[in-house]
Amino acid sequence: MKLLYETPCLCLLVSFIVAVLLAGKGFPFLLSSLIAGFIMLALGFCSYDGTPHAFYVLVLCFVVGLLGSSFLAYRVGNELILADRISEKAVVAFERPWGSKRAVVFKTAKGKYVADVSPSLALREGDSVEIKASILPLENKSTGFNPYTYWRSRGVRGRLVGLQTTKSRKAYSFSLYRWRSFLRRWVLLNFPPRVRGYLLTLLFGVKDPDLAQLHSKWGTSHLLAVSGFHVALVVGIVFRALKKAKWKVQISLLLLFFYLAFTGFAASAMRAGLMTAFVLIGKMIGRPIRTLQAVSLAAVCLLLWRPWFVWDVGWKLSVMSALTIGCTGIFSKRISLLTSSALLWMVTAGIVLTIFGSLPVVGLFSNLIAIPVFALLFFVVLLSTPLVILPFGLGTLVVWFAEKALLVFEWLLNFLASFMPMSITEPWHWPIISIAILFVILTKRLNFGFFRSICVSSCGLVVYMILLS
Amino acid sequence: MSSKLDFEFLHEKESLEKYKSSKSFKWFLMAFLCFVLALGLSAAYSLGKIKGRSFEAENVVLQGIGASEIVNNNEEGELDKKQATPEEKEWILYITGAVKNPGVYKMPSGSRVYQLVEKAGGLTTKADPVAINLAANLGDGCHLHVPEKGELVATTLVEQSRDNLSIAKDVFAGSNANKPYGSYEKDVDVIDLNRASAEMLQSLPGVGPKTAQAILDYRDLRGGFRSVEELLEVKGIGPKKMEKIRPYVTVGYR
């Protein structure tokens, strides 16, 4: 039973999630944190062996869990007090399609606010504007897509109506948003379609609609969301390149921060980034951290920052996938690649089906080939970016090669998908199956024993179903 | 020597294992107890909440019956009526705009504007004290908006009269800077977007049956309007039409 020795943060993560979900259901914050504390104690006692070390860890976890849960539940349970009107200078921090309109997030000195605007306003990321509008609370829906949790997990405080904007004439003020916008434009104008699409995903966390459709068909949509795969790829390249440098960890951490900033601090990218940072810092101070502990700690840090991440699809998929990868050690190395692909597919099936409505069966097998090949192709695509500025069209040749390689692999995946065109569309039982599989592999990985594994998984499922009800 | 040490070490290890296995079941029971406690607490709270709701619903029904009986036997005058409906002793009022703590407040019946403003922390430095009549009477369910200096707002108070018609009277001194201090806009009929019928909405400039229906649909969908500007989200109402409508509408307490 390694829970308290190896991954005490997993206990904290469980208690925080329970507290936030209960507070979201309208439970008073003290009661939510108390229930979460008891759940954490139950999990802790399951792996408690009576030794003093474990006891100290358990007490520490309980105290931190109780305080943290109270803090999170209080934040979730109490609505923000918003001013009636706003008249401020703002920067467009984010914009995306929103039905027939565009959702634009304005960053002001008083916080972030979202507005649905007409596409004809042509607001781009990084634009400086003066805004005048009335502030309304974010819509909170109990069924279907909930704009409240979506925007709160992105740091937005309220929505603006009756918006009046005046674009600022000061065109060259420095801001990260402006740089993101400038580089996006440069990528869009200088690269062929496939390289362009993957570059936008890798560097800015922007999904190309054509690629999104293709990856959805292949069951590899996760490759288009900036996650551990991309963070490990980018940081891994630099870390390897600086193998003999004294400051390799520090430089990698700095690069990691800039990379996360450029991807727009998406939940999945942040989780992966924090996890990588913990691993790097662990290496630096000579205290290596285990995967499960690093994932849990990263998830806990994100929740303390924005508790509404609990409802964010990207955060959920990212944490569940990373926990599953952390558990693949329970299988022998020969079959670990095969099992990890299948396990990831099954563990994420519940969320994918609930949110997107269909889950291609081909994903069970396509990931086996897609993950290693795309790692190589993404590496080539990233390398081709600085080369494009070379004179005499030398860089264009490399980009052309990358484009053709991507097209060939696309054909191969299409060929594979044609053998298994079926998709699962009935989601009713999959959330339960997914969570059950996750609990079983987690308890197995943490050496809970057969009887305790069954008990903990069953109790976990009961709590999950109660929280979902 | 070393074999003796090994033996002692193994013996210690075995005894530790035995100790752990005997204790571990106790801890497992503790874990189960904690889990049951957590479930029990959440179940008790949920059941209490459901019971509380049903009790409130019963209360509302009983109060409704009581009120109708009093109306039928209206012999002892209005005093009895006030005693029978305790909620009338306390008004619920909504204040927004240039006050320190805007929000919903409970005030004793018969309160005036200055009392509500005081309860909301007082006027901010940006508030336009000329634009508001601090001595005006309030009514249950009023929405009072305190404008900032230079802010163009047509109405600040909506009196939720029992016939669902909202009339702002005597409260707002007019935000027009040309008007002398102390002048009052009296008997201005303002339509409350959260209570108006389709016919009332059609009396607004530029609002036909379709737009009126769109306003009602929006109100039903979102559970009411929070500000007049929210009209811009209604299909068929753009900024120009909005400016035409603005002086004649307000948003009452939902």
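Colleague: Explain the overall build of chain A here, please?
Modeller: Along chain A, the regular secondary structure elements total 18 helices and seven strands. Relative to the globule expectation of 23 Å for 469 residues, the C-alpha radius of gyration of chain A, 23 Å, shows essentially globular dimensions. Its C-alpha atoms give chain A principal-axis dimensions of about 70 × 60 × 50 Å. Put simply, chain A has 469 residues, and 43% of those count as buried. Pairs at least 24 apart in sequence give 69% of the contacts found in chain A among residues at least 6 apart.

Colleague: Hey, could you run me through the overall build of chain B in this one?
Modeller: Secondary structure summary: chain B contains six helices and eight strands in total. Reading chain B from its N end, one meets helices and strands in the order α-α-β-β-α-β-β-β-β-β-α-α-α-β. Partitioning the intrachain contacts of chain B with sequence separation of at least 6 by distance along the chain shows that 45% fall at a separation of at least 24.

Colleague: Looking at this structure, I do not really get helix H9 (residues 228-241) of chain A. What am I missing?
Modeller: Helical geometry: 3.6 residues make up each α-helical turn, so side chains three or four residues apart lie on a common side. All names here are of chain A. A rise of 1.5 Å per residue sets the reference length of H9, with its 14 residues, at 20 Å; its end C-alpha atoms lie 19 Å apart and thus fit the reference within 8%. Taken together, the buried positions of H9 are occupied by Gly 228, His 230, Val 231, Val 234, Val 235 and Phe 239. For H9, the elements touching its buried residues are helix H7 (193-204), helix H10 (248-262), helix H11 (267-285) and helix H13 (313-327).

Colleague: Please explain the domain arrangement of chain A as it appears in this structure.
Modeller: When the parts of a complex come together, some accessible area is lost, and that lost area is often taken as the interface size. All names here are of chain A. Domain boundaries assigned for chain A yield domain 1 (1-78), domain 2 (85-167) and domain 3 (183-326 + 369-419). Between the C-alpha centres of domain 2 and domain 3 there is a distance of 28 Å. The interface is formed by six residues belonging to domain 2 together with seven residues belonging to domain 3. Of the residues contributing to the side of domain 2 that touches domain 3, the split by class is one nonpolar, four polar and one charged.

Colleague: Whenever I open this one, the pairing of strand S4 (residues 128-136) of chain A confuses me. Can you help?
Modeller: A regular strand carries its side chains on alternate faces of the sheet. All names here are of chain A. As defined by bridge partners, strand S1 (residues 85-98) adjoins S4 across seven bridges and the pair is classed as antiparallel. Within S4, the residue paired with Ile 86 across the bridge is Ala 133. Pairing between S4 and strand S5 (residues 156-167): seven bridges, direction antiparallel. What sits directly across from Glu 130, in S5, is Thr 166.

Colleague: Looking at this model, I keep getting lost on the interface of chain A and chain B. Mind explaining?
Modeller: Between chain A and chain B, the contact holds 22 residues from the first and 23 residues from the second. If you list the elements that add at least two residues to the side of chain A that touches chain B, you get helix H3 (29-46), S4, S5 and helix H18 (450-468) of chain A. Ranked by residue count, the leading element in the side of chain A that touches chain B is H3(A), at nine residues. Partitioning the side of chain A that touches chain B into residue classes produces 16 nonpolar, three polar and three charged.

Colleague: Any chance you could explain the packing of helix H15 (residues 363-387) of chain A against helix H16 (residues 394-419) of chain A here in plain terms?
Modeller: Helix packing geometry: the angle between the two helix axes and the distance between the axes. Residues and elements named next belong to chain A. Where H15 contacts H16, the axes come no closer than 9 Å and their chain directions differ by 165°. One way to sum up the angle between H15 and H16 is to call them roughly antiparallel. Once H15 is placed against H16, the crossing between them reads as left-handed. Residue-level contacts link Ser 366, Ala 370, Val 373, Leu 377, Val 380, Val 381, Ser 384 and Leu 387 of H15 to Gly 395, Val 398, Val 399, Ala 402, Ala 405, Leu 406, Phe 409, Leu 413 and Leu 416 of H16.

Colleague: Please clarify how unusual backbone geometry should be interpreted in this entry.
Modeller: Excluding glycine, a negative phi dihedral is what most residues carry, and trans is how most peptide bonds are arranged. Residues other than glycine seldom take positive phi values, yet Asn447(A) does so here, at roughly 50°. Taking the C-beta count within 10 Å as the criterion, Asn447(A) has 14 such neighbours and is therefore assigned partly exposed.

Colleague: Is there a simple way to explain the sheet that holds S5(A) in this structure?
Modeller: For sheets, the rule is that strands pair by backbone hydrogen bonds, running either parallel or antiparallel. Taken together, five strands build a closed barrel; the order of strands is S1-S2-S3-S5-S4 (chain A) and the barrel is mixed. Here the average twist between neighbouring strands, direction ignored, is 50°.

Colleague: It is not clear to me how helix H12 (residues 291-305) of chain A should be interpreted in this structure. Could you clarify?
Modeller: With 15 residues, H12(A) should reach 21 Å at 1.5 Å per residue; the first-to-last C-alpha distance of 21 Å fits that figure. Looking only at H12(A), the buried set comprises Leu292(A), Ala294(A), Val295(A), Ser296(A), Leu297(A), Ala298(A), Ala299(A), Val300(A), Leu302(A) and Leu303(A).

Colleague: Please clarify how the nonpolar core should be interpreted in this entry.
Modeller: Looking at soluble globular proteins, one finds that nonpolar side chains tend to be buried together. All names here are of chain A. Core analysis: the largest hydrophobic core is formed by 116 residues, its most contacted members being Val 18, Val 20, Ile 39 and Ala 42. At 14 residues, helix H2 (residues 8-24) tops the list of elements feeding residues into this core. With residues near it in sequence (within four places) discarded, Val 20 still touches Leu 72, Ala 73, Val 76, Leu 303, Pro 307 and Val 310. Ala 93, Ala 133, Ile 135 and Leu 138 belong to the second-largest nonpolar core, a separate cluster that totals 24 residues.

Analysis parameters
- Residues numbered from 1 in each chain as written.
- Chains lettered and ligands numbered in written order.
- Predicted model: local features only at pLDDT ≥ 70, side-chain atom pairs only at ≥ 80, totals over all residues.
- Helix = DSSP H or I, 4+ residues; strand = E, 2+ residues; numbered from the N terminus.
- Rg over C-alpha atoms; globule rule 2.2 N^0.38 Å.
- Buried ≥ 20, exposed ≤ 12 C-beta atoms within 10 Å, placed from the backbone.
- Contact = placed C-beta atoms within 7 Å.
- Expected span 1.5 Å × (residues − 1).
- Domains from an automatic or database assignment.
- Nonpolar A, V, L, I, M, F, W, Y, C, P; charged D, E, K, R; others polar.
- Pairing = 2+ DSSP bridges.
- Axes fitted to C-alpha atoms, helices over the stretch in contact; angles between N-to-C directions.
- Parallel < 35°, antiparallel > 145°, perpendicular 65-115°, else oblique.
- Left-handed = near helix turned anticlockwise from the far one by under 90°.
- Core = buried A, V, L, I, M, F, W, Y, C linked by C-beta atoms within 7 Å.

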